[in-house]
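Structure at a glance
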Amino acid sequence: DKIKKGLQKTSDAVSRSLDAVFAGFVTIDDDLLEELEEALILSDVGAANAAKIVMEVERRAQRQNVTSALELRYVLKDTLLDMMLDNQPLDVSGKPAVVLVIGVNGVGKTTSIGKLAARYVGEGKKVMLAAADTFRAAAADQLEIWAKRAGADIVRHGEGADPAAVVFDSISAAKARGSDVIIIDTAGRLHNKANLMNELAKIDRVIARELPDASRETLLVLDATTGQNAVHQAEEFNKVAALTGIVLTKLDGTAKGGIVIAISAGLGVPVKLVGVGEGLDDLVDFDRSAFLEAVLP
Ligand code: GDP
């Protein structure tokens, strides 16, 4: 339901434009397929993905002897369902579980960490936040506000401190307090890739040494309203970190929800969580069927 509400703008715009395509034709022909491809591109699916989707839709329509334009919407829905990765909730089964969060400034990283912390606290878990984005003092200040709001513990050092040292201390504190989940906020400076890689590798080594059996997630936070720019960030971060999932924020703020498909089908990293508002409970598990219901009801 939250996904549906968060996708209202997308639902209005994308389903209207797709319906217009299907209603504008009687039988399936090249013009229809071309208009379908354009509608998909306009929804931020990405040009290459749109071409791939339309080719697959055409192939399936032929194989299934579908000739009516209106029926093609069901072929499209099935195609998209198959191209998107399965729903994959976060794995926080270990005790403690470690969730490493990366992403550039402004995408909604801190907010998402706060929401995630609130979710686990609400489930009766003890949550430890690690302010390992030591590049800006304001980042740790923000995280501390969210820690208070969510009822989570936090470990922070001064500006410019070694992020791996913050992680080390947060693990020690989590062990001492019996925390269930450690969520690590890291700095995302894409323009300095070598530094970023070194920093992440160092953090990785600390976690592997201190918590060899912990379940691990490495999440990249992306802003859905930035369209192809978000896809580009995903591609770049995917080269420097072993991503286990994507958090796609501000889905409520875009009419171009096709970005979900661009990432899930195009990148091959599952969208695990979506942000659908600014409230504490506005971060939900991604569900591809709910998504497709909103886009192609
Ligand atoms: P950070 O710099 O990546 O840590 O970004 P912040 O967490 O500070 O978020 C930047 C802005 O995006 C804030 O105003 C948040 O309230 C807003 N924001 C984050 N997630 C969402 C979301 O899912 N929906 C909406 N509408 N706003 C969001």
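Right above here is the structure, for reference.
A short tour of the structure in this document, coming up. Model, not experiment: these values are computed from the prediction. (Residues numbered from 1 in each chain as written. Predicted model: local features only at pLDDT ≥ 70, side-chain atom pairs only at ≥ 80, totals over all residues. Heavy atoms only, no water.)

1. Quick word on the site of the ligand
Residues in contact with the ligand amount to 16 residues; listed here are only the nearest, Gly106, Lys109, Thr110, Thr111 and Glu278. A distance of 2.7 Å is found between an oxygen atom of the ligand and a backbone nitrogen or oxygen belonging to Gly106. In the model, an oxygen atom of the ligand is placed 2.5 Å from a nitrogen or oxygen of the Glu278 side chain. Coverage of the ligand by the protein amounts to 77% of the 580 Å² it exposes when considered alone. By residue number, the principal contributor to the shell around the ligand is helix α6 (residues 109–122), which donates 4 residues. Taken together, the residues that form the shell around the ligand break down as 3 nonpolar, 8 polar and 5 charged. (Near = heavy atom within 4 Å. Polar contact = N/O pair within 3.5 Å; in protein donor to acceptor, adjacent residues only side chain to side chain. Areas by Shrake-Rupley, 256 points an atom, 1.4 Å probe, with all protein chains shown as cover. Helix = DSSP H or I, 4+ residues; strand = E, 2+ residues; numbered from the N terminus. Nonpolar A, V, L, I, M, F, W, Y, C, P; charged D, E, K, R; others polar.)

2. Things to note about the sheet that holds strand β4 (residues 181–186)
One open sheet holds the 8 strands; their spatial order is β3-β2-β4-β1-β5-β6-β7-β8, and the pairing between them is mixed. Each edge of the open sheet carries a strand with a single partner, namely β3 (153–155) and β8 (283–285). With strand direction ignored, the average angle separating the axes of adjacent strands in the sheet is 25 degrees. As paired elements, strand β2 (residues 127–132) and β4 share 6 bridges and run parallel to each other. Its bridge partner lying in β4, Met128 is registered against Ile182. Contacts from helix α7 (residues 137–150) reach β2, β3 and β4, with the element oriented near 170 degrees to β2. (Pairing = 2+ DSSP bridges. Axes fitted to C-alpha atoms, helices over the stretch in contact; angles between N-to-C directions. Contact = heavy atoms within 4.5 Å.)

3. Considering the pattern of salt bridges
Overall, the coordinates contain 25 salt bridges when judged by the stated rule. With a closest N to O distance of 3.8 Å, Arg136 and Asp133 form a salt bridge. The exposure class assigned to Asp133 is buried, which follows from its relative accessible area of 3%. The salt bridge involving Lys193 is made with Glu236; its shortest N-O contact spans 2.4 Å. Residue Lys193 is found in helix α9 (residues 193–210), and its partner Glu236 is found in helix α10 (residues 228–240); the two are separated by 43 residues along the sequence. Overlapping salt bridges bring together Glu56, Arg59, Arg60 and Asp82 as one network. (Salt bridge = Lys/Arg side-chain N within 4 Å of Asp/Glu carboxyl O. Buried < 20%, exposed > 50% of the residue type's maximum accessible area, 1.4 Å probe, protein only.)

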